[in-house]
Amino acid sequence: MGELKFIFTGTPGAGKTTAITSISDYPPICTDMLTTDELQDIKEGTTVAMDFGEFTLESGEKILLYGTPGQERFRHMWEILVTGGLGLIILVDNSRPNPLSDLTMYLTNFKDFIERAGAVVAITRWETHPDPSIDKFQDVLSDFGVVLPIMEADPRKKEDVLMLLDMLMAVVEMNQPNMNIGDDDNEYHDALLSL
Ligand SMILES: Nc1nc2c(ncn2[C@@H]2O[C@H](COP(=O)(O)OP(=O)(O)OP(=O)(O)O)[C@@H](O)[C@H]2O)c(=O)[nH]1
Ligand SMILES: [Mg+2]
């Protein structure tokens, strides 16, 4: 049976580890260490190498979920982690001082991967911070010259994270029609919705 690898990235605290935990079949393997720097006020632990979780579809196919560290000082891990990946989920924490430039930073750093694979953008902490609006993020994407799905999502909610994966698979299939992920068009869509 095949394995499909997807990667979650985004700023520290955006919810990468939380998103993987929400949908993994077992508690993910994490490399969170106690925060010692400016993150200390925000959260206790931060990912320093990677997160890894997985779930299995009814067909037996495995979905592998990798999370990158958010902090730029661990960016040497980013390239390693996207190797062999099918697509990227960029989480943007809308409560940060400048979420639009956060998005630009991740689009820049993962440019090559996004071009050859695919990505979706998820805006988190939306319920308390609905500004900037989705339109503003769309503008960032068009300035950057890419067309990617973008939606608000709460990484604590399994259905939101599955929706992101579903959209990502649609992007990947569109970009790489010859890859034939799934035997028929709706196989993954149906499988994800039934989880
Ligand atoms: N209220 C709310 N809380 C959220 C949302 N998204 C994430 N969180 C919370 O924010 C925290 C995010 O923590 P992590 O999942 O560890 O963040 P991370 O992206 O893995 O961060 P690093 O490993 O430091 O890069 C958790 O406590 C989540 O419950 C959201 O949309 N709304
Ligand atoms: Mg983390």
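An unreviewed UniProt entry lists the protein under the name Signal recognition particle receptor subunit beta, with Agitococcus lubricus as the source organism. The record held by UniProt for the protein lists under Sequence similarities (unreviewed entry) the comment "Belongs to the GPN-loop GTPase family."

Explain the sheet that holds strand β3 (residues 45–56) here, please?
Strand pairing in a sheet relies on backbone hydrogen bonds. The paired strands run either parallel or antiparallel. Within the open sheet, the 7 strands sit side by side as β2-β3-β4-β1-β5-β6-β7. Their pairing is mixed. The sheet is open, and its two edges are formed by β2 (29–34) and β7 (150–152), each paired on a single side. Averaged over all adjacent pairs, the angle separating strand axes in this sheet is 20°, with direction ignored. Examined bridge by bridge, strand β1 (residues 3–10) and strand β5 (residues 87–93) share 5 bridges and lie parallel to one another. Across the sheet, the residue bridging to Thr9 is Ile90, located in β5. Each of β5, β6 (119–124) and β7 touches helix α5 (residues 134–144); the most contacted strand, β7, lies at about 150° to it. Of the strands in this sheet, β1, β3, β4 (62–67), β5, β6 and β7 touch helix α6 (residues 158–175), which is tilted by about 155° from β6.

Explanation requested: the packing of aromatic side chains in the structure shown.
The way to describe two aromatic rings as a pair is by their centre distance and the angle between their planes. In the structure shown here, the tally under the stated rule is 4 aromatic pairs. Each ring, one from Trp78 and one from Tyr106, has its centre 5.6 Å from the other, and the planes form 40°; the classification is tilted. Residue Trp78 is found in helix α2 (residues 76–82), and its partner Tyr106 is found in helix α3 (residues 99–109); the two are separated by 28 residues along the sequence. Of the two residues examined, Trp78 and Tyr106, each falls in the buried class. Aromatic pair Tyr106 and Phe110: ring centres 6.5 Å apart, planes at 15°, arrangement stacked. In this structure, Tyr106 and Phe110 share a single accessibility class: buried.

Mind showing me how you'd approach the site of ligand 1 here?
The environment of ligand 1 is formed by 18 residues, the closest being Lys16, Thr18, Thr46, Arg125 and Glu127. Between an oxygen atom of ligand 1 and a main-chain N or O atom of Thr47, the distance comes to 2.8 Å. Contact between ligand 1 and Gly70: an oxygen atom at 3.0 Å from a main-chain N or O atom of the residue. Within the complex, the protein chains bury 83% of what would otherwise be the 670 Å² of accessible surface of ligand 1. Put simply, the parts of the chain that give the shell around ligand 1 at least two residues each are α1 (16–23) and β3. The element that contributes the greatest number of residues to the shell around ligand 1 is α1, accounting for 3 residues.

The rules behind the values
- Residues numbered from 1 in each chain as written.
- Chains lettered and ligands numbered in written order.
- Predicted model: local features only at pLDDT ≥ 70, side-chain atom pairs only at ≥ 80, totals over all residues.
- Heavy atoms only, no water.
- UniProt positions renumbered as here; feature names shortened; annotations may be inferred.
- Pairing = 2+ DSSP bridges.
- Helix = DSSP H or I, 4+ residues; strand = E, 2+ residues; numbered from the N terminus.
- Axes fitted to C-alpha atoms, helices over the stretch in contact; angles between N-to-C directions.
- Contact = heavy atoms within 4.5 Å.
- Phe/Tyr/Trp six-rings, centres within 6.5 Å; stacked < 30°, edge-to-face > 60°.
- Buried < 20%, exposed > 50% of the residue type's maximum accessible area, 1.4 Å probe, protein only.
- Near = heavy atom within 4 Å.
- Polar contact = N/O pair within 3.5 Å; in protein donor to acceptor, adjacent residues only side chain to side chain.
- Areas by Shrake-Rupley, 256 points an atom, 1.4 Å probe, with all protein chains shown as cover.

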